[in-house]
Amino acid sequence: PIPCVPWQSQTSGHVILVKRRNGADDTCCVNYTTIDGTAQAGVDYEQTSGTLSFKSQETEKEIVINLVNTRSSDRNATFTVMLSTPTNGSTIDTNANTCLVVISNDPEYARAAKIAQDAISKHLNFISLGSSTWAGQFAEAMTIGGDLDQGSEATTGDYVMHFFSFMWKVLFAIIPPTDICSGWATFWVALACVGLVTMIVGELASMWGCMVGLPDFSVAVTIVALGTSLPDTFASKFAVIFSPDADAAITNVTGSNSVNVFLGLGLPWLIATIYHASTNTVYITPPGSVGFAVAIFSPLALLALLFLVFRRFYFGAELGGDRNMAQLSGLFLVTLWLTFLGIILSQ
């Protein structure tokens, strides 16, 4: 089965498709059962279990699960369907032995779950965390979606992304597999590679700024800052969709920026001071424009926080709500960012 299935709570039943792959010349059976998550059997859905029997050349079977109390207006729960005990020499893909079913009456929640479902089912092998050999890693890097069978189903967008990311995928395939040293070798080598790429991106951004006549500071607060913050923005968006409140999104943004400030600035400063202290040299850093930037950023950041407090007091939520008000709120926050850039770049 696919790993994640969105289920609109207004429908009474749902069908999960189980596919048989890599040969179907003989008969085989596999057991299935439902397991409670935040949804409970008998309260939210009917507990279901049984055995699927595949005949020779039969490649698909359906599991039908019925929903209880379809008129519930407050529903946002999950449960799992698990496959087990295959027979006649067949095996179950370890990446697809369970299926998470999402019950929701929220169209946005169901839509986000559907997007996640499509991405996971399409690139299941690519996002797998485990790898055992370098040969397997290079094979995944050189194939579309990391799957040898993906080529026949790949879209034009898949080919374009594979073309632009091919160099990076092959380059980072040199990272040790996770089976080595219980994954610690993977962690430290990957961390070093991230640092190397960050250094390269910084140098390229500085070179581009020099070519177009922009100082390093202007490039840093525009191109580099925007590029490093976009992943956090998308992560926060999905955190809001899949969470009952805005805490995950806001803490994600503030937490990631805390790491940037305290670790990103503090660690290099510590290394530099230790080095200069050991060599009996003086460590002096010119002030530059950071003081002015902080002076502009601080009141704008305070204004943004006060705006979130205002939204909670008057609208009951920091994010979301009425679509028109949500769009105006987003426009206000973007205006704060543009104001910061305008003042900084005008100096």
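Rules and cut-offs
Once a new chain begins, its residue numbering starts again from 1 and follows that chain's sequence as written. Note on the predicted model: pLDDT of at least 70 is required for a residue's local features to be given, and 80 or more for side-chain atom pairs to be given and counted; whole-chain, interface and lining totals, by contrast, use all residues. For the side-chain quantities, the full set of heavy atoms in the structure was used; hydrogens and water were omitted. Only runs of H or I of at least four residues qualify as helices and only runs of E of at least two qualify as strands under DSSP, and these elements are numbered from the N terminus. Think of it in three bands: residues with accessible area under 20% of the maximum for their type are buried, residues over 50% are exposed, and the middle band is partly exposed, with areas taken using a 1.4 Å probe on protein chains only. Whether two residues are in contact is decided by their heavy atoms: any pair within 4.5 Å suffices. Nonpolar cores are built from buried Ala, Val, Leu, Ile, Met, Phe, Trp, Tyr and Cys residues. Side-chain atoms within 4.5 Å join them into one set. A helix is expected to reach a length of 1.5 Å times the quantity of its residues less one. The bend at a residue is defined as the angle formed between two axes, one fitted to the seven residues ending at that residue and one fitted to the seven starting there. Axis definition: a line fitted to C-alpha atoms, limited for helices to the stretch in contact. Angles are taken between N-to-C directions and run from 0 to 180 degrees. Should an angle lie under 35 degrees it is considered roughly parallel, over 145 roughly antiparallel, and from 65 to 115 roughly perpendicular; all remaining angles are considered oblique. Throughout this entry, Asp, Glu, Lys and Arg are counted as charged residues, while Ala, Val, Leu, Ile, Met, Phe, Trp, Tyr, Cys and Pro are counted as nonpolar. The remaining residues, Gly among them, count as polar. Every case where a carboxyl oxygen of Asp or Glu lies within 4 Å of a side-chain nitrogen of Lys or Arg is listed as a salt bridge. We call Phe, Tyr and Trp rings a pair once their centres come within 6.5 Å, taking the six-membered ring for Trp, and we label the pair stacked below 30 degrees between planes, edge-to-face above 60, and tilted otherwise. Under the rule applied, a polar contact is a pair of N or O atoms within 3.5 Å (in protein, one hydrogen donor and one hydrogen acceptor; residues adjacent in sequence only if both atoms are side-chain atoms). Exposure above 30% relative accessible area and no salt bridge define the residues that can form patches, which grow by joining like charges within 9 Å and nonpolar side chains of Val, Leu, Ile, Met, Phe, Trp and Tyr within 5 Å. The method behind every accessible area is Shrake-Rupley, applied with a 1.4 Å probe, and residues are considered shielded solely by the protein chains displayed.

Help me out: how do you make sense of the overall build of the chain in this one?
For the chain, the count of helices and strands is eight helices and seven strands. By residue count, 27% of the 347 residues in the chain fall in the buried class. Pairs at least 24 apart in sequence give 64% of the contacts found in the chain among residues at least 6 apart.

Just to check I follow, could you spell out the nonpolar core for this structure?
Among soluble globular proteins, nonpolar side chains are generally buried collectively. With 19 residues, the main nonpolar core has Ile16, Leu52, Ile63, Ile65, Phe79 and Val81 as its most contacted residues. Of all hydrophobic cores here, the second largest spans nine residues; its members include Ile296, Leu300, Phe340 and Ile344.

Can you help me understand helix H3 (residues 156-172) in this one?
Every α-helix winds through 3.6 residues per turn, so residues three or four apart in the chain are directed the same way. Between the first and last C-alpha of H3 there are 24 Å, a value that for 17 residues agrees with the 24 Å anticipated at 1.5 Å per step. At serine 165, H3 is deflected by roughly 55 degrees, the largest bend along its length. Of all the positions in H3, only Asp158, His162, Lys169 and Val170 are classed as buried.

Sorry, what's going on with helix H6 (residues 247-278) here?
Between the first and last C-alpha of H6 there are 44 Å, a value that for 32 residues agrees with the 46 Å anticipated at 1.5 Å per step. Every buried residue of H6 is listed here: Ala249, Ser256, Ala272 and His276. Positive phi appears at asparagine 280, one or two residues downstream of H6, with a value of about 55 degrees.

Sorry if this is basic, but what is going on with the packing of helix H7 (residues 290-315) against helix H8 (residues 323-345) here?
A pair of packed helices is captured by two measures, namely the crossing angle of their axes and the spacing between those axes. For the pair H7 and H8, the least separation of the axes is 9 Å and the interaxial angle reads 170 degrees. Viewed along their axes, H7 and H8 adopt a mutual orientation that is roughly antiparallel. Within the contact between the two elements, H7 uses Phe292, Ala293, Ile296, Phe297, Leu300, Leu303, Ala304, Phe307, Arg311 and Phe315 and H8 uses Met325, Ser329, Phe332, Leu333, Leu336, Phe340, Ile343 and Ile344. Of the residues belonging to the contact of H7 with H8, the class tally is 16 nonpolar, one polar and one charged.

Help me understand the pattern of salt bridges, please; the structure alone is not making it clear to me.
Side-chain pairing between opposite charges can occur once the charged atoms of the two side chains come close. All chains considered together, the criterion is met by one salt bridge. Across the pair glutamate 58 and lysine 61 runs a salt bridge whose closest N-O atoms are separated by 3.2 Å. By relative accessible area, which is 23% here, lysine 61 ends up partly exposed.

Looking at this structure, I do not really get the packing of aromatic side chains. What am I missing?
What describes a pair of aromatic rings is the distance from one ring centre to the other and the angle between the planes of the rings. Counting across every chain of the model gives 12 aromatic pairs. Ring plane angle 10 degrees and centroid distance 3.9 Å describe the contact between tyrosine 45 and phenylalanine 79, whose orientation is recorded as stacked. Residue tyrosine 45 is found in the loop between strand S3 (28-36) and strand S4 (49-54), and its partner phenylalanine 79 is found in strand S6 (residues 76-84); the two are separated by 34 residues along the sequence. Residue tyrosine 45 is classed as buried on the basis of its relative accessible area, which comes to 0%. On the basis of an interplanar angle of 45 degrees and a centroid distance of 4.7 Å, the ring pair of phenylalanine 310 and tyrosine 314 is categorised as tilted. With phenylalanine 310 and tyrosine 314 both in helix H7 and four residues apart, the pair spans about one turn of that helix. Accessibility expressed as a relative area gives 56% for tyrosine 314, which makes it exposed. These aromatic residues form a ring-pair network of at least three members: Phe307, Phe310, Phe313, Tyr314, Phe315 and Phe332.

I'm lost on unusual backbone geometry in this one. Help?
When glycine is set aside, most residues are seen to have a negative phi, and most peptide bonds are trans. Phi at glutamine 57 is positive, roughly 70 degrees, even though this residue is not glycine. One can find glutamine 57 in the loop between S4 and strand S5 (60-66). Not every positive phi belongs to a glycine, and asparagine 280 is a case in point at roughly 55 degrees. Tracing the backbone shows asparagine 280 in the loop between H6 and H7. Taking relative accessible area as the criterion, asparagine 280 reaches 72% and is therefore assigned exposed.

Even after reading the chapter, I still don't get the side chain of histidine 162, so can you show me in this structure?
One can find histidine 162 in helix H3. With relative accessibility at 14%, the residue histidine 162 sits in the buried group. Reaching out from histidine 162, the side chain makes a polar contact with the side chain of lysine 169 at a distance of 2.8 Å.

Please explain the environment of valine 197 as it appears in this structure.
The topology assignment puts valine 197 in helix H4 (residues 184-212). With near-sequence residues (within four places) excluded, valine 197 lies in contact with Trp168 and Phe172.

Would you mind showing me how to read a nonpolar patch on the surface here?
Taken together, Leu196, Met199, Ile200, Leu204, Met207, Trp208, Met211, Val212, Leu214, Ile223 and Val224 make up a surface patch of nonpolar side chains, about 1000 Å² in accessible area. Secondary-structure elements contributing two or more residues to the nonpolar patch are H4 and helix H5 (216-242). Considering every element that reaches the nonpolar patch, the biggest residue donor is H4, with eight residues. Relative to the helices and strands, leucine 214 resides in the loop between H4 and H5.

Sorry if this is basic, but what is going on with the environment of phenylalanine 138 here?
Tracing the chain through its elements places phenylalanine 138 in helix H2 (residues 134-141). Of the residues examined, phenylalanine 138 reaches a relative accessible area of 26% and is grouped as partly exposed. When the C-alpha atoms of phenylalanine 138 and valine 170 are compared, they prove to be 6.2 Å apart, with 32 residues separating the residues in sequence. Excluding anything up to four places from it in sequence, phenylalanine 138 contacts Val170, Ala173 and Ile174.

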